[in-house]
Amino acid sequence: MIESLTHFFATPWGVLSRSLIYLLGICGFVAANAAYLVWVERKGAGRFQRRPGPTESGWAGLLQPPADGIKLLSKQLMAPPGSDKILFWAAPLMVIAPPLVCLAAIPFGDNVLARDLNIGLLMVFSFGSINVMALMLGGWASRNKYAIISAARVVSQNVAYEIPMLLVVITMIMVTGTLNLQEIIVQQGGGFWNWNILRGIWDFSGGGWGHIGGNIFAPITFLIFYICMLAETNRAPFDMAEAESELVAGAFTEYGGMGFGVFFMAEYANIVVGCALATLLFLGGWQSGLGPWVGTHLSSLGIWGTLIGVLCFFFKMYFLIFSVVWVRWTFPRTQFYGLLNLSWKILIPLSLLTLLLTSVTLKLPRLF
Amino acid sequence: MNLVTETFSGFLSLLTGLTITIKQFFSPTITTHYPHQTLTIAKKFRGHIELKWNEETGKPNCTACNLCAKACPSDCIVLDGIKPAGEKGKTVTSYKLDYTLCSLCSLCIEACPFDAIQHSNRYNLASLPNQWANMDLVQRYKDQVTRVGKTPYDPYAPAAVAAPAASPAAEPAAAIPSPSSSLPAPSSQP
């Protein structure tokens, strides 16, 4: 059956239907995540504060997201008078489209990948940075002082955090030597010590310390990546874009109904993309990390191997997403200059240092 | 160097914070899920006033002397009473409380020479407008007496009929809860 399917997907109709399947799948995946991560967030917030969170609608409040969605959809869409209508309505579209596009390049499993791009990583980051412009346009177009302050904050925050983020990504690219996300994951096969985060530290299969081809600073790199990911997705403690206690709702102040809902969905979609990237860059993507014990490669198990791989990927990704919620309900919002100081004074020098040291550790062994 | 040590110790403190919150995450919740669960209201809770009654006879202590109404600084008590046939003193027939004016100052309770009123422990009195502007405390007394399985005292009844209420042979005295503790879950009340 699988052979005939692969044969079908090679025909033109197969290519078209495959694209359609992935389009619908990704849209559904993003929508389901946006809806139910809100539930996870609320439940998590509750548990962290020793209360149960939503309980009333459905079992354990599971019908809360559809209820919220119906409420948002039934609201009237209004643009404030004097606002730039085109930009005002373009902003929600621009904020939700990039994560959808980014997910096309992210491999969920062995064969579960919409487009195997050679420059997948570059594409994800170039589309990921549109988010800033969308928030800025939305804040600026709504002709509201809170929104404008928030837009200014978003730009300076995202510029500050794009730099260390891209620096650590360059560090990882130096180790992997490829921008193809699927290839990056394949390189991390075998035991969990082959995952990029641990690869440079200890090789259990006999390599010992400073395994060549790895990055000994990968844990620090991962940490910088994680912090930048929080800042890029405007999550607490870096939620300057939507600082409720200071700026009403920041750039989203004037948005109502599904306009606001789309921004909200985009926030979670961006978290999914960010955590998926962290997973496949550092935590081995769909690799189970149990290679030496299981003794077989996942791709040799056919459809079941793919399924196990997807589950591994989701397990790691949702653990990271949970940690994002965990961080949000642990730390208070930073002050704005504290945020910029962290980036310019600590993260950028640190990421430059790891970049430099990584290149040294990669090149030094070749000199002898 | 200072920046390095500060960064490092700051990062460690962040980890400390994260361990504290994750411990809370896996601990049981400590909230009461209000409409489904209610806390026990303390007896000393000062809700609106209510009439006390004699636990054995089921008759209200109030003699309609109007001292509470005179003591009330907000003028929110209006009461009336009659002298029932065959009785020595008056007894209350209507006791209206404008709870929207009441400030729960307890002056009426202090003024009462017969220990006839007390604070109830009702706390959830959300209502449509003016529902509590004319509280009928006699009706509340009758409901409470009925709830513990007794006949409310009827001052208009002939003396012969009013008397049997004084001999509740079937009911052991210990089983009769006090008026304040006999309240069921407050949400079920009118």
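The coordinates are above.
All values derive from a computational prediction rather than experimental measurement.

A.B. asks: So what about the overall build of chain A? Which residues, and what values?
C.D. replies: When helices and strands are tallied, chain A shows 15 helices and 2 strands. At 22 Å, chain A has a C-alpha radius of gyration in line with the 21 Å of a compact globule built from 368 residues. The buried share of chain A, reckoned over its 368 residues, is 43%. Long-range contacts, defined as pairs at least 24 residues apart, comprise 75% of the intrachain contacts of chain A with a sequence gap of at least 6.

A.B. asks: How would you sum up the overall build of chain B? Please name residues and give values.
C.D. replies: Looking only at helices and strands, chain B has 5 helices and 5 strands in total. If you list the helices and strands of chain B from N to C, you get α-β-α-β-β-α-β-β-α-α. The buried share among the 190 residues of chain B stands at 19%. A separation threshold of at least 6 residues defines the contact pool for chain B, and within that pool the share at least 24 residues apart is 75%.

A.B. asks: Now, about helix H4 (residues 137-147) of chain B: what can you tell me, with residues and values included?
C.D. replies: All names here are of chain B. Regarding H4, the residues found buried are Leu-137, Val-138, Arg-140, Tyr-141, Gln-144 and Val-145. Summarising the axial view, the buried residues of H4 lie within an arc of 155°, below the 170-degree limit, and thus occupy one face. Backbone geometry just after H4 places Gly-149 at a positive phi near 85°.

A.B. asks: With reference to specific residues and values, describe unusual backbone geometry.
C.D. replies: Within the chain, Arg-143 of chain A stands out as a residue other than glycine whose phi angle is a positive 55°. If you trace the backbone, Arg-143 of chain A turns up in the loop between helix H6 (130-141) and helix H7 (145-176). A positive phi is found at Ala-64 of chain B, a non-glycine position, where the angle reads about 55°. Inspection of the secondary structure assignment puts Ala-64 of chain B in the loop between strand S1 (49-51) and helix H2 (67-71). On the basis of neighbour count, Ala-64 of chain B is assigned to the buried category, with 22 C-beta atoms found within 10 Å.

A.B. asks: Describe the sheet that holds strand S3 (residues 91-97) of chain B, naming the residues involved and giving the relevant values.
C.D. replies: Residues and elements named next belong to chain B. Ordered by their spatial adjacency, 3 strands build an open sheet running S2-S3-S5, and the pairing between neighbours is antiparallel. Edge positions in the open sheet fall to strand S2 (77-82) and strand S5 (135-136), since each of these has one partner strand only. As judged from the 6 bridges shared by S2 and S3, these two strands associate in the antiparallel manner. Of the residues in S3, the one forming a bridge with Ile-77 is Leu-97.

What counts, and at which threshold
Once a new chain begins, its residue numbering starts again from 1 and follows that chain's sequence as written. Labels follow written order: the first chain is A, the first ligand is 1, and so on. For a predicted model such as this one, the threshold for reporting local features is a pLDDT of at least 70, and the threshold for listing and counting side-chain atom pairs is 80 or more; totals across whole chains, interfaces and linings nevertheless cover every residue. Helical segments are the DSSP runs of H or I of at least four residues, strand segments are the runs of E of at least two, and each set is numbered from the N terminus. When we talk radius of gyration, it's over C-alpha atoms, and the globule rule is simply 2.2 Å times the number of residues to the 0.38. With C-beta atoms placed from the backbone, a residue counts as buried when 20 or more other C-beta atoms lie within 10 Å of its own, as exposed when 12 or fewer do, and as partly exposed for counts between those limits. Here the contact rule is simple: place C-beta atoms from the backbone, and any two residues whose C-beta atoms are within 7 Å are in contact. Working definition: the arc comes from the directions between the helix axis and the C-beta atoms, pointing outward to the latter. Two strands make a pair as long as DSSP finds a minimum of two bridges between them.

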